[in-house]
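Summary of structural features
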Amino acid sequence: MSLIEFYNYRVVSQYLPEFAWGLWATLWISFVCLVGSLILGTLVTVARRSQKKWISLPVTAYVEAVRSTPLLVQLYLVYYGLSQIPVLNVPVPALACGIFALTVHTGAYMSEIIRGGIEAVDRGQFEGAKAVGMTERQTMINVIYPQAFAKVIPSLLGQAAVLVKDSSILSFIAVFELLGAGLIILSDRVMPTEAFMTAAFGYLLIYLMMLVASNKIQKKLAGNAWKSR
Amino acid sequence: MANVTAQNDVLVKVEGLSKIFKTADGRTINALTNVNTFVDRGEVVAIIGPSGSGKSTLLRTMNGLETISEGHIHIDGIDLVDKNTDMNALRADVGMVFQHFNLFQHKTSLENITLPQTLVRKRTKSEADQIAMDLLRQLGLDHLANNYPSQLSGGQQQRIAIARALAMQPKLMLFDEATSALDPEMVGEVLDLIKGLANDGMTMCLVTHEMNFAREVCDRVIFMDAGELVETGKPAEFFAKPSTDRAQQFLDKVL
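A separate point is unusual backbone geometry. At A:Ala174, a residue that is not glycine, the phi angle is positive and equals roughly 65 degrees. Assignment of secondary structure puts A:Ala174 in the loop between α8 (136-166) and α9 (178-189). The phi torsion at B:Ala226 lies on the positive side, around 50 degrees, for a residue other than glycine. Considering the arrangement of structural elements, one finds B:Ala226 in the loop between β9 (220-225) and β10 (228-233).

Counting residues at the interface gives 27 residues for chain B, matched by 21 residues for chain A. Taken over both partners, the interface formed by chain B and chain A buries close to 2,000 Å², and the fraction arising from carbon and sulfur atoms is 58%. The interface formed by chain B and chain A holds 1 salt bridge in total. B:Arg60 serves as the salt-bridge partner of A:Glu127, at 2.5 Å between the closest nitrogen and oxygen. For the pair chain B and chain A, the number of links is 7 residue pairs in polar contact (both at pLDDT 80 or more). Broken down by secondary-structure element, the contributors of at least two residues to the side of chain B that touches chain A are α3 (87-93), β6 (94-97), α4 (109-119) and α6 (154-166) of chain B. Class assignment for the residues of the side of chain B that touches chain A results in 13 nonpolar, 9 polar and 5 charged.

Moving on, we get to the layout of surface pockets. In this structure, the largest pocket occupies an estimated 730 Å³ of space. Along its surface, the largest pocket is lined by 22 residues, and A:Arg49, A:Phe126, A:Glu136, A:Arg137 and A:Met140 are the ones closest to its centre. When contributions to the lining of the largest pocket are tallied by element, the ones reaching two or more residues are α3 (16-48), α7 (123-131) and α8 of chain A together with α3 of chain B. Broken down by element, the residue count for the lining of the largest pocket peaks at 6 residues, all from α8(A).

To continue, consider the pattern of salt bridges. Residues and elements named next belong to chain B. By the definition in use, this model includes 19 salt bridges over all chains. Two residues, Arg137 and Asp134, come together in a salt bridge whose shortest N-O distance is 3.2 Å. In this pair, Arg137 and Asp134 are both assigned in helix α5 (residues 125-138), 3 residues apart and thus about one turn of the helix distant. Taking relative accessible area as the criterion, Arg137 reaches 46% and is therefore assigned partly exposed. Overall, the relative accessible area of 33% leaves Asp134 in the partly exposed class. A salt bridge links Asp225 to Arg246, with the nearest nitrogen and oxygen atoms 3.3 Å apart. Placement of Asp225 in strand β9 and of Arg246 in helix α10 (residues 245-254) is noted, with a sequence separation of 21 residues between them. Overall, Arg246 belongs to the partly exposed group, its relative accessible area being 33%. Beyond isolated ion pairs, a larger network of salt bridges with shared partners links Arg41, Asp76, Asp93, Arg121 and Lys171.

Moving on: helix α4 (residues 53-68) of chain A. Residues and elements named next belong to chain A. A rise of 1.5 Å per residue sets the reference length of α4, with its 16 residues, at 22 Å; its end C-alpha atoms lie 22 Å apart and thus fit the reference within 8%. Among the residues of α4, Ser56, Val59, Tyr62, Val63 and Val66 are the ones counted as buried. One face of α4 carries all of its buried residues, which in axial projection span an arc of 125 degrees. What points out from α4, more than 90 degrees from its buried face, is the exposed set Lys53, Trp54, Leu57 and Ser68.

What follows concerns the confidence of the model for chain B. All names here are of chain B. Per-residue confidence for chain B gives a mean pLDDT of 93; residues scoring 70 or more make up 97%. Note that pLDDT drops below 50 for residues 1-7; the model gives that stretch 7 contacts with residues more than four away or on any other chain. Reported confidence for the predicted complex is 0.90 by ipTM and 0.85 by pTM.

The rules behind each value
Residues numbered from 1 in each chain as written. Chains lettered and ligands numbered in written order. Predicted model: local features only at pLDDT ≥ 70, side-chain atom pairs only at ≥ 80, totals over all residues. Heavy atoms only, no water. Helix = DSSP H or I, 4+ residues; strand = E, 2+ residues; numbered from the N terminus. Contact = heavy atoms within 4.5 Å. Buried area = accessible area lost by both parts, 1.4 Å probe. Salt bridge = Lys/Arg side-chain N within 4 Å of Asp/Glu carboxyl O. Polar contact = N/O pair within 3.5 Å; in protein donor to acceptor, adjacent residues only side chain to side chain. Nonpolar A, V, L, I, M, F, W, Y, C, P; charged D, E, K, R; others polar. 1 Å grid on protein atoms, 1.4 Å probe; cavity = no way out; pocket = protein on both sides within 12 Å on 5 of 7 lines; lining within 4 Å. Points joined across faces, edges and corners; volume = space filled by probe spheres on them. Buried < 20%, exposed > 50% of the residue type's maximum accessible area, 1.4 Å probe, protein only. Expected span 1.5 Å × (residues − 1). Arc of directions from axis to C-beta. pLDDT = per-residue confidence, 0-100.

Below, the structure written as structure tokens:
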């Protein structure tokens, strides 16, 4: 069996523009969701640490709800549910729903990672800051968060890789991205191997790019003397 | 407020202080029971006693790291129990030195000393830098200004931690077993620094296991056992002949 029988690269080459477009869509959607989920995750972590139950309880419920339900269900809920809300009588575009659902989903996981980072910071750091008269807020911003984030950067990057893969699920609500490009080959030519293999290559490519970026970031951090303990 | 400051130079006044901890399984532990004492301005007081005697707890209540269950502490006339007391402002005036230094791990020595000054004392960066570098020079540590804590020896870290507290120009310095985590050869450099502060007239309370240091440097010894202040006295008299059996038993073990 020659390669072209197994994987018809001639056909695939005809669809390269679609794949390039899909790759780009996956990249920017993931990037927007990554930034959004990091901001959301940080805010959620701050809220969960609040002494006020009416702040910390609903936020905890959100995290647990996201973690205990499938992403696809969350996506459908946002996609079909958001248009039911009276204020938003105009149908919300699928792309906006997808980005919103992915951000809310990933934000919950990011907040858990950040929380783990805060718990990994030595108690003495809190006491050292308190003892010189820093307020709770000054302590968190200047002493705790910088150390917590540095501790969990590998985990945050891992979650970012999951996010890129999860973004393929947006094709369920007809958002065009990398998997969507593959689905075009599937419906045009009924060539599942070409469709999914090429999409898989695309995700692999993104993963490799992230790996290079993550190595660079970690090297930069490892260069910081305080990390080398 | 006035009636306390009027008693000429008492800086710290501890009255009927009790501290009750609740454990996770609902039991209560009396860490401190009805402690009464004082520290005069310029006085150096050693707090000694067996482990679990409440000496660290007593020290930590003095800057609000532990809450007070009963009784009062006044520092320079300020009531720590009063709900209107700004505890952050008070802590800025009371320096604390910990057993494990608690330097900010992601900051250099210099930044460790400047950060509290800029955040809490609202000094400008250049003012804070100036004060920090002056202190580092005095302590002979200026060559370590740009090192991170993880690059320093325990003794160096502790001296930087003391400098961080001194930069706030505190009225009172508290030392919680400041030399207990140090390798033996590093203890001397930290004790020498504390001795220098005593000579400069700094008011200090030290929880310590260094009995020779307490005898040499301190003006007064407080002996605690089982959460109670058992006796207090001049080091020369206390170490030669304590007036209680409990203190005598303790000294027999440690000396």
